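Each chain, letter by letter, is given below.
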Amino acid sequence: KQWYQRRVAITAGQIGLEACTGLEPVVVKRELLKRKISRDPTWADIEEFHNLPFQHVLRDMLRDVTRDGSRVVSDVTPDSGDGMFPESWTVANITKIGNVLYIGQRRSESQVVYKRELPFTLKSQVGGQNTSCLDEMKRIIESNDDSVTLIKDKTEFWKCRFELDSSLKKLLDKLETDWLGPWKGLLLGKPIDLEYSKNIKMSAANLRKEIKSRYKVSLDVFLSQYLLDHYSLLSEDNISELLPDQVPLADILPVLHDLAPAAPPTRYPVLLTLDQDTNILPWEACGAFSNQPIARIPSCRFAFALLTLRSMPVKLKKEETYYILNPTQNLPSTQAYFETWLEEQAGWRGVAAKPPSVPEYQTALESDLFLYLGHGSGKEFLGGKSIQDFKSRAVALLMGCNSAKIKHTPVGGTGTPIEYLLSGCPAVVGYLWNITDRDCDRYSKKLLELWLSEGHSTSLLSLMNPSRSACKLPYLVGA
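Small disclaimer: the values here were computed from a predicted structure and weren't measured.

### Some points on the environment of Thr-409
Okay, step 1: Tracing the backbone through its elements, the reader meets Thr-409 in strand β12 (residues 407-409).
Okay, step 2: A residue is classified by how much of its surface remains accessible, and Thr-409, at 29% relative accessible area, is partly exposed.
Okay, step 3: Note: C-alpha distance between Thr-409 and Gln-276 (133 residues apart in sequence) is 9.3 Å.

### Describing helix α14 (residues 416-423)
Okay, step 1: Judged by how many residues are buried, α14 sits mostly within the fold: 8 of 8 residues are covered.
Okay, step 2: Three or more residues of α14 are buried, namely Thr-416, Pro-417, Ile-418, Glu-419, Tyr-420, Leu-421, Leu-422 and Ser-423.
Okay, step 3: Within two residues after α14, Gly-424 carries a phi angle of roughly 120°, on the positive side.

### Points about the pattern of salt bridges
Okay, step 1: In the structure shown here, the tally under the stated rule is 15 salt bridges.
Okay, step 2: Note that Lys-190 and Glu-109 form a salt bridge whose closest N and O atoms lie 2.9 Å from each other. On the criterion of sequence distance, the pair formed by Lys-190 in the loop between α6 (154-180) and α7 (194-215) and Glu-109 in the loop between β2 (100-106) and β3 (111-117) is long-range, its members being 81 residues apart.
Okay, step 3: A salt bridge links Lys-174 to Asp-178, with the shortest nitrogen-to-oxygen separation between them at 2.7 Å.

### Quick look at the sheet that holds strand β6 (residues 270-274)
Okay, step 1: With mixed pairing, the 5 strands of this open sheet are ordered in space as β3-β2-β1-β6-β7. Two strands in the sheet have a free side with no partner beyond their single neighbour: β3 and β7 (294-296). Each adjacent strand pair in this sheet contributes to an overall mean axis angle of 20°, direction not counted.
Okay, step 2: Pairing of β6 with β7, which is carried by 3 bridges, proceeds in the parallel orientation. In the sheet register, Val-270 faces β7, and the bridge partner there is Ile-294.

### A few points about the confidence of the model for the protein
Okay, step 1: In this model, the protein carries an average pLDDT of 81, and 78% of its residues clear a pLDDT of 70 or more.
Okay, step 2: Low pLDDT (under 50) marks residues 1-82, which in the prediction has 159 contacts with non-local residues, meaning those over four places away or in another chain.

### As for the environment of Leu-316
Okay, step 1: When you line up the elements, Leu-316 lands in the loop between α11 (300-309) and β8 (321-325).
Okay, step 2: Taking the C-alpha atoms as reference points, Leu-316 and Val-395, 79 residues apart in sequence, are found 8.4 Å from one another.

### Some details on the side chain of Arg-116
Okay, step 1: Following the sequence through the fold, Arg-116 ends up in strand β3.
Okay, step 2: Residue classification places Arg-116 among the buried positions, given a relative accessible area of 10%.
Okay, step 3: If we ignore the near neighbours within four places in the chain, the residues touching Arg-116 are Asn-99, Val-100, Leu-101, Thr-177, Asp-178, Trp-179, Leu-180, Gly-181, Pro-182 and Glu-241.

### Section: the pairing of strand β10 (residues 369-373)
Okay, step 1: With respect to burial, β10 is a largely interior element, 5 of its 5 residues being buried.
Okay, step 2: Residues Leu-369, Leu-371 and Leu-373 point to one face of β10 and Phe-370 and Tyr-372 to the other, with burial holding for every one of them.
Okay, step 3: Taken together, the 5 bridges between β8 and β10 define a ladder with parallel strand orientation. Paired with Tyr-322 across the strands is Phe-370, a residue of β10.
Okay, step 4: Pairing of β10 with strand β11 (residues 395-398) involves 4 bridges; the strand directions are parallel. Paired with Leu-371 across the two strands is Leu-397, which belongs to β11.

### A short note on the side chain of Asn-93
Okay, step 1: In this fold, Asn-93 is placed in strand β1 (residues 91-97).
Okay, step 2: Exposure remark for Asn-93: the relative accessible area of 11% places this residue in the buried category.
Okay, step 3: A polar contact of 2.6 Å, which involves the side chain of Asn-93, links it to the side chain of Thr-95.
Okay, step 4: Engagement of the side chain of Asn-93 in a polar contact is seen with the side chain of Thr-273, the distance being 2.7 Å.

### Side note on unusual backbone geometry
Okay, step 1: Non-glycine residue Asn-326 carries a positive phi angle of around 45°.
Okay, step 2: You can see Asn-326 is positioned in the loop between β8 and α12 (332-344).
Okay, step 3: For Asn-402, which is not glycine, the phi torsion reads 60° and is therefore positive.
Okay, step 4: Position of Asn-402 among the secondary structure elements: in the loop between β11 and β12.

Calculation criteria
- Residues numbered from 1 in each chain as written.
- Predicted model: local features only at pLDDT ≥ 70, side-chain atom pairs only at ≥ 80, totals over all residues.
- Heavy atoms only, no water.
- Helix = DSSP H or I, 4+ residues; strand = E, 2+ residues; numbered from the N terminus.
- Buried < 20%, exposed > 50% of the residue type's maximum accessible area, 1.4 Å probe, protein only.
- Salt bridge = Lys/Arg side-chain N within 4 Å of Asp/Glu carboxyl O.
- Pairing = 2+ DSSP bridges.
- Axes fitted to C-alpha atoms, helices over the stretch in contact; angles between N-to-C directions.
- pLDDT = per-residue confidence, 0-100.
- Contact = heavy atoms within 4.5 Å.
- Polar contact = N/O pair within 3.5 Å; in protein donor to acceptor, adjacent residues only side chain to side chain.

Structure (structure tokens):
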């Protein structure tokens, strides 16, 4: 472990990412399980791991989580060094430790964490047996792989694919309703409209006053604002779960309805950190987040380190795009679908139907946008070198199988996305599992067309969810 941390520090130091160290929740979970802690974890349980780089990130997140019930921690005093936390940022965390799911949210002014007991099961489409959500996700991915490689009959192929698409949609619905439950709003960003936020605070004060007057019970400041800000997202069961026992749901619903905003706001993006269990799940495709831009990050410190490299957000010049199309020459439909269109884009350069040379790949990494349309992530064309051997600045769209998959080792997460980020790329777009080329092509084209048609201020991230609708399988491929 010491060698690994030193190696990461050296690699990261080359480009000013001294704080990059891997997936924080993964290490917490590993150490806790290694010690066979049978009770709920608190900071006292992990305090002795003083050499772990994520210590300050999780200390307040777990400090006041109690054994009995779900407790919200708010108005946490930020740790030293958090002054650089951008005002618009929301960092959400989903971590599974044993049979407990921790859902956290961190902003410049506050930090909250909620714990939710597991397991929650659903009925699998194979045999109708109850199964865990994680096992069902693994089954879907394995069946997806088998359908692509083993099923030769076209009718049977599409029957299987559509069934898997339906299974994934049901799984995502279960994650939203049962895993996240009333706390799905923790994965939503800050409202952009300051007047909206001001009105929420004023209305929340009136809500607390009304509840105090009627039922002689105090409502947490964070909770009152949360209820109103996310009222349109919450079911009556969600609201009932959030309210104190002394507050009758039927009595307070009309008050909430009158105080809540008429329409949900436009929000800033969310940065999402996940552990080795939850990382496999496509949270971004849950229905509740259809209008919420969400980007994954390896850790909070990783995100902070990116701020030392460049100002955020990164502004892209659309004409500074380099593409690599069908480099292995065995995706003829992808080449036919894209080649003419790519050549028509003003200023775009690239290579098609041939392996890129190392200098060509380096040119791609030094562009504003790098578009890879081929198998995998393309790093096999670097002549034995690592992505981290190059200094990159391109946003990388790696539209191939497993291009965004994170592998977990005893010392943290590794994989292509992290390598690209460590080389200097501000963002990476890719796939978590195997996909079929034509649906992938439809998604890629839709994403690029939306981006090119929008103004320069439009975030590429905000177009990810709308592009899923272009897929014949909006969950199995689009998610």
